[in-house]
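# Tertiary structure, described
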Number of protein chains: 2
Amino acid sequence: MSDAPHRRAKILITSGPTRQYLDPVRYLTNASSGRMGAALAAAVLQRGHDAVIVSGPVTVDYPPGAHVIDVLTTDEMLHAAGELFPECDGAIGAAAPCDYKPLQVSDQKLSKTGQPLVLELIETPDVIAVLGQSKRSDQWVVGFALETDDRHFRATVKQQKKCCDLMVSNGPEAIDAADNNVELLDRDGSIIETISGSKQHVADRLIHQIHHRLILPCP
Amino acid sequence: MSDAPHRRAKILITSGPTRQYLDPVRYLTNASSGRMGAALAAAVLQRGHDAVIVSGPVTVDYPPGAHVIDVLTTDEMLHAAGELFPECDGAIGAAAPCDYKPLQVSDQKLSKTGQPLVLELIETPDVIAVLGQSKRSDQWVVGFALETDDRHFRATVKQQKKCCDLMVSNGPEAIDAADNNVELLDRDGSIIETISGSKQHVADRLIHQIHHRLILPCP
């Protein structure tokens, strides 16, 4: 008999970018490709767990065994993730939701006037923070922090604010890249593991840690 | 002997979206897929002409016979197109360059503060207008106008402002779609042809018209 009996967990993964439109044509976004989300889903399935992906618009292929819900905006991502989370054991926030949206959205394409355009942006809801703050004691949340400066410090601040059980800290060079270089941080901000290599290798190591630290210890 | 002897023309095609970054992660863009540009290049090659594509970031596959130059921003698209245009017979502006850019770009990822973010945007250069206004008498330029309202009127205004020999008018439903529905407008704003169907069908008809109206009559 194995010393770690198998628990089949259902894991929610947010993935890809979201878009926030100014008008019917122009929008704010980022270059997130969904590759990290796809690699995490593959690793989750490989371990015998279930993967549900809430994904912004991407061209990456998600593993056929994963259940994928497509969304466009951050509010849609939050709504879909919020509906799915209660039936999941945990959530991994690999998406890069667009975190600002125009205060006013035009329903006609804005015409150029030759003059500057002043755009007032407001923050969108923080998807992983909402999940982290609403999680039951038998649920867990793993966040990603992407920072250009003071990475470790800012990731730790985000981890506490978002009530994440583990935090993955990476830099902007991860976006739309084949490889990644991350630090996995524990609740107290200490580094559990530094992982470099293909996104699939990084995902395999992260799911290994999540499996042993968050899934197996659950009642 | 054919009544229309073959002239091998070199045709510049701008294609795809461009991006204008606010900081190292966030940018303004649109959902242009590059499919119309790819279909136009295929039609150009099919007719025995040469195709040079200046393309923003897309995942579409351009035909292997086309020469592709990759760019990211509107200024880069203008620079590349401006360098190539003197050696081309004509240009087709199928790209959807991002036409606003932030006045100030942060070299660090902007941190969320909980407060609104006021973004001052200025217009980027109009790539096809610059080509149209600088073209020699033996060169031609075909523009695309994408409008949500007053399509025909606005396309005609754009045609004159951008010094385009022909103008293709379409709507936002063309973006990132398999099909398109366009009007081809002559210099005086009259409709030469209305074309609906797959982007390849639309491209074939447009290149047919360009071939007979702009390429063959050239000295």
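This text goes with the structure placed above it.
All of the points below concern the structure found in this document. It should be emphasised that the depicted structure is a prediction, and the values quoted were computed from it without experimental measurement.

## Some thoughts on the interface of chain B and chain A
- At the interface, 37 residues of chain B touch 37 residues of chain A.
- Between chain B and chain A, a total of about 3,500 Å² is buried, with carbon and sulfur atoms accounting for 53% of that surface.
- A salt bridge links D99 of chain B to R26 of chain A; the nearest nitrogen and oxygen atoms lie 2.8 Å apart.
- By residue number, the principal contributor to the side of chain B that touches chain A is strand 8 (residues 117-123) of chain B, which donates seven residues.
- Bridging between strand 3 (residues 27-29) of chain A and strand 3 (residues 27-29) of chain B involves three bridges; their strand directions are antiparallel. Directly across from Y27 of chain A, in strand 3 of chain B, lies its bridge partner T29 of chain B.

## A short note on the relation of the copies chain B and chain A
- In screw terms, the move from chain B to chain A is a rotation of 180° and a rise of 0.0 Å along the axis, fitting with an RMSD of 0.0 Å. Viewed as a symmetry operation, the transformation between the two copies matches a two-fold axis.
- Most of the interface of chain B is mirrored in chain A: 100% of its interface residues are interface residues there too.

## Remarks on the pairing of strand 10 (residues 166-170) of chain A
Residue and element names in this part refer to chain A.
- Of all five residues making up strand 10, five are buried, and the element is well covered by its neighbours.
- Side chains L166, V168 and N170 of strand 10 all project onto a buried face; the interleaved residues M167 and S169 project onto the opposite face, where all are buried too.
- In the sheet, strand 9 (residues 140-146) pairs with strand 10 via five bridges, with the strands oriented parallel. The partner of L146 across the bridge, within strand 10, is N170.
- Judged from the three bridges that link them, strand 10 and strand 11 (residues 179-185) form a sheet pairing that is antiparallel. When the bridges of strand 11 are listed, M167 appears paired with L185.

Rules used in this analysis
- Residues numbered from 1 in each chain as written.
- Chains lettered and ligands numbered in written order.
- Predicted model: local features only at pLDDT ≥ 70, side-chain atom pairs only at ≥ 80, totals over all residues.
- Heavy atoms only, no water.
- Contact = heavy atoms within 4.5 Å.
- Buried area = accessible area lost by both parts, 1.4 Å probe.
- Salt bridge = Lys/Arg side-chain N within 4 Å of Asp/Glu carboxyl O.
- Helix = DSSP H or I, 4+ residues; strand = E, 2+ residues; numbered from the N terminus.
- Pairing = 2+ DSSP bridges.
- Least-squares fit on C-alpha atoms with pLDDT ≥ 70 in both.
- Buried < 20%, exposed > 50% of the residue type's maximum accessible area, 1.4 Å probe, protein only.

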